[in-house]
Amino acid sequence: MASSLIRGKYVISPTGSGGVATRHDAAVYQEHGIIKDVGPYRELRGRHQFDGELGGPNFAIIPGLVNSHHHGRGVTTLQMGTCDDCLEMWILAGWGRRPYDHYLMTLYTALNMLESGTTAVMYNHPQTAAATLKADVDAVLRGFLDAGMRVAFSSYLRNQNRVVYAGDEEFLAVLPADLADDVRRYLSITEMSDDEYFAFCGEMHREYHNHASGKARVLLSPANVQWNSDEFLLRCKEEAARHQTGIHMHLVESLYQKDYGIRTWGKTPVEHLQDLEFLGPEVSFAHAVWLTEGDIELLADTGATVCHNASSNLRLKNGIAPVNPMLAAGVNVAMGTDSTAINDDDDLLQEMRLVSKLHRQPGLEASAITVDNVLAMATANAAAPTGFAGEIGALEPGRRADMVLIRLDVLEDPYLDPDLPAAEFVLGRARSQDVAAVIVDGQVVLQDGVHTRASKADVAKELREQLARPLEPETLATRRMAGRLSPYVERFYRSWPPAMGAPHYVYNSRT
């Protein structure tokens, strides 16, 4: 429909001033994918001509959710054989994951995300084989766009310390010669020079950043400070300025990564990035669990975004990010699933609920996250670093018509106090099965659990058939190599006990 009126018992949206506005018996009017009017239903119905009407008095309408950090694994790492573990060991175990069809895997994860109301994603592509990287990325972007989602795409590069947080050759020197040679061969498959990486990013930017669909943005991505040289980081900053785009990277996800900074530069990774003049509003950092108070001040002062991944941080033994102190300091905190949501399903509604419960410290005087904070983290805050800032993340005139209709009958049954704020019970109770419709650019991409642009059953069938084949000899060989390598990697980190320091949060006491 070129134009439509979307009605709800409640229209709930961030205000831009840190709060949430709830309109009762209201509607959103859109033309050609742009929101033109928001207000009382009867007023909008009287002053606009439209092609169709959606929703009704038994629905809540919220902005399309934005997943600010994701790696696009429709069949999850657990399903692919990698059990949750300490991050550094989990990364090594992931070396043995079998290859897969990037288009089907991406389309499947996109369809999953749409089912919980996620309409835009900040996707961070892993360092796949250099020879097929362009084809892999084309397939990924086609998957998101075919599903009807928006995507802010980046592909990360590691150009140092690729096995442990020490020089590659320095670490390989302690291995048996044949194992070291196998690791070198494995690393060479994905190896790219800095020049090759930036040429690739430039090509992707030209091809997709102004894609005809209007639904793609291309960002740059150093993998993390311990995985990239200072020269590479500075060049990313220069290229981002040249292309007027953003930078997305991981940062202090684990305590070992924070300690790497202390050991290498005598300061935290955030302080080192500030020394490089790397921090800024165009930069977003996934995780940021191990921050000092000074780090938080630097992130706030420079306008950087932190993309919080609560489930992933818990599953990979990284801890709990200091979200309350960051919000109090004015850091723009967004939310993502990192492809490792608590139920392995990329359900951002459930991730929002986990975040709202995780950041509630004991005691009357302790800070606690609010429902307003949580909604902003999954909408307006998350939109800020994607390249779609100002276009999505709120329901107001001039924004893209991306929104989610949530059924209220189950949420309100058998009783709901009439004085309870709508945002509290919608975000406190809604699940993916309560999502009635998902709209992107004014077009319905999900209606009553059925995708309008692709068949999820057909995609799952194709994946099932492909992955039913016997494990590839190369996969089995890589798993054997990773198994041999594992004791050496574990020994490296056991010899490197980092200092914990005083916690931001206290949940219990030993005495």
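Our subject in this report is the structure included herewith. (Residues numbered from 1 in each chain as written. Predicted model: local features only at pLDDT ≥ 70, side-chain atom pairs only at ≥ 80, totals over all residues. Heavy atoms only, no water.)

### Focus: helix H9 (residues 255-265)
Item 1. Three or more residues of H9 are buried, namely Leu255, Tyr256, Gln257, Lys258, Asp259, Tyr260 and Gly261.
Item 2. Considering only its buried residues, H9 is in contact with helix H2 (87-93), strand E10 (247-251), helix H10 (269-275) and helix H20 (473-494).
Item 3. Count one or two residues on from H9 and you reach Gly266, which has phi positive near 70 degrees. (Buried < 20%, exposed > 50% of the residue type's maximum accessible area, 1.4 Å probe, protein only. Helix = DSSP H or I, 4+ residues; strand = E, 2+ residues; numbered from the N terminus. Contact = heavy atoms within 4.5 Å.)

### Some thoughts on the side chain of Ser3
Item 1. Relative to the elements of secondary structure, Ser3 occurs in strand E1 (residues 3-14).
Item 2. Residue classification places Ser3 among the buried residues on the basis of a relative accessible area of 8%.
Item 3. Polar contacts involving the side chain of Ser3 include one to the main-chain amide nitrogen of Asp51, which spans 3.1 Å.
Item 4. In this structure Ser3 touches Tyr29, Gln30, Glu31, Gln49, Phe50, Asp51 and Gly52, once residues within four positions along its chain are discounted. (Polar contact = N/O pair within 3.5 Å; in protein donor to acceptor, adjacent residues only side chain to side chain.)

### Focus on the packing of helix H6 (residues 177-190) against H20
Item 1. Across the interface, H6 lies against H20 with an axial gap of 10 Å and an inter-helix angle of 120 degrees. Relative to H20, the element H6 is oriented oblique. In this structure, H6 meets H20 at a crossing whose hand is left-handed. Where H6 approaches H20, its residues Asp178, Leu179, Asp182, Val183 and Tyr186 are matched on the opposing element by Thr478, Met481, Arg484, Leu485 and Tyr488.
Item 2. Partitioned by chemical class, the residues of the contact of H6 with H20 number six nonpolar, one polar and three charged. (Axes fitted to C-alpha atoms, helices over the stretch in contact; angles between N-to-C directions. Parallel < 35°, antiparallel > 145°, perpendicular 65-115°, else oblique. Left-handed = near helix turned anticlockwise from the far one by under 90°. Nonpolar A, V, L, I, M, F, W, Y, C, P; charged D, E, K, R; others polar.)

### Re the pattern of salt bridges
Item 1. Applying the stated criterion across every chain, the model contains 31 salt bridges.
Item 2. Between Arg47 and Glu43 there is a salt bridge, and its shortest N-O distance comes to 3.7 Å. In this pair, Arg47 and Glu43 both sit in helix H1 (residues 41-47), four residues apart, roughly one turn of the helix.
Item 3. Using a relative accessible area of 46% as the deciding quantity, one classes Arg47 as partly exposed.
Item 4. Exposure remark for Glu43: the relative accessible area of 45% places this residue in the partly exposed category.
Item 5. With a closest N to O distance of 3.0 Å, Asp344 and Arg315 form a salt bridge. Highlighted residues: Asp344 in the loop between strand E13 (332-335) and helix H14 (348-358) and Arg315 in helix H12 (residues 310-315), separated in sequence by 29 residues.
Item 6. A relative accessible area of 22% means that Asp344 is categorised as partly exposed. (Salt bridge = Lys/Arg side-chain N within 4 Å of Asp/Glu carboxyl O.)

### Details of the environment of Lys258
Item 1. Within the secondary structure, Lys258 sits in helix H9.
Item 2. Classification of Lys258 as buried rests on a relative accessible area of 18%.
Item 3. The sequence separation of Lys258 and Arg484 amounts to 226 residues, and the corresponding C-alpha distance is 27 Å.
Item 4. Ignoring any residue separated from it by four or fewer positions in sequence, one finds Lys258 in contact with Val252, Pro269, Trp290 and Thr292.

### Quick word on the sheet that holds strand E8 (residues 150-155)
Item 1. Ordered in space as E6-E7-E8-E9, the four strands form an open sheet in which the pairing is parallel. Pairing within the sheet leaves two strands with one partner each, and these edge strands are strand E6 (65-70) and strand E9 (216-218). Direction aside, the axes of adjacent strands within the sheet are offset by 15 degrees on average.
Item 2. Summarising the sheet, strand E7 (residues 118-125) and E8 pair through six bridges and their orientation is parallel. Directly across from His125, in E8, lies its bridge partner Ser155.
Item 3. Along the sheet face, helix H3 (residues 102-115) touches E6 and E7 and points at about 145 degrees away from the line of E7. (Pairing = 2+ DSSP bridges.)

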